[in-house]
Amino acid sequence: MDLDRSKPVWPQVAAELRRRLDAGQYPPGERFPAVVELATELDVAPSTVQKAVAALREESRLYTVLGQGSFVSKP
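Every chain begins its residue count from 1, and numbering advances along the sequence as written. Only residues with pLDDT of at least 70 get local features here, since the model is predicted, and only at 80 or more are side-chain atom pairs given and counted; chain-wide, interface and lining totals rely on the full set of residues. For the side-chain quantities, the full set of heavy atoms in the structure was used; hydrogens and water were omitted.

### Re the pairing of strand S1 (residues 62–65)
Step number 1: As defined by bridge partners, S1 adjoins strand S2 (residues 69–72) across 4 bridges and the pair is classed as antiparallel. Counted as the bridge partner of Tyr63 is Phe71 from S2.
Step number 2: Any two strands are treated as partners once DSSP identifies two or more bridges connecting them. Only runs of H or I of at least four residues qualify as helices and only runs of E of at least two qualify as strands under DSSP, and these elements are numbered from the N terminus. Taken together, S1 and the strand that follows it, S2, pair antiparallel across an intervening segment of 3 residues, in which Gly67 is found at a positive phi of about 85°.

Have a look at this one:
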């Protein structure tokens, strides 16, 4: 993923994660990758991924189960 570092990064990460969700890379009901895993993969700070994931939660694209992680919401 090519990031434009002159703009805020977390919205770009959120857009990439939305694209992956729309493409079916993470099917509904499946556990979403961990923040640290995504941060390493995308070469960004974990806090950047946390903001992107929070945005996806606000959009009801993901939900969190305490102690288990985030999961992909069913459409």
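On we go from here.
### Some remarks on the nonpolar core
Step number 1: Formed by 18 residues in total, the largest nonpolar core has its most connected members in Val13, Leu17, Phe32, Val44 and Val49.
Step number 2: Looking at this core, the elements that each hand over two or more residues are helix H1 (9–22), helix H2 (35–42) and helix H3 (46–58).
Step number 3: Top contributing element to this core by residue count: H1, with 5 residues.
Step number 4: Aside from chain neighbours lying at most four places away, what touches Val13 is Met1, Leu42, Val44, Thr48, Val49 and Ala52. By nonpolar core we mean a set of buried residues, namely Ala, Val, Leu, Ile, Met, Phe, Trp, Tyr and Cys, connected to one another through side-chain atoms within 4.5 Å. Burial classification: accessible surface area is computed with a 1.4 Å probe over protein chains only, and a residue below 20% of its type maximum counts as buried, one above 50% as exposed, and the rest as partly exposed. In this description, contact between two residues means that some pair of their heavy atoms is separated by no more than 4.5 Å.

### Some remarks on the packing of aromatic side chains
Step number 1: Two rings from Phe, Tyr or Trp (for Trp, the six-membered ring) form a pair when their centres are within 6.5 Å of each other. A pair whose planes differ by under 30 degrees is stacked, one over 60 is edge-to-face, and the rest are tilted. Within this structure, the stated rule accounts for 2 aromatic pairs.
Step number 2: Note on Tyr26 and Phe32: the rings are 4.9 Å apart at their centroids and 70° apart in plane angle, and the pair reads as edge-to-face.
Step number 3: Take Tyr26: its relative accessible area is 8%, and that puts it in the buried class.
Step number 4: For Phe32, a relative accessible area of 1% gives the class buried.

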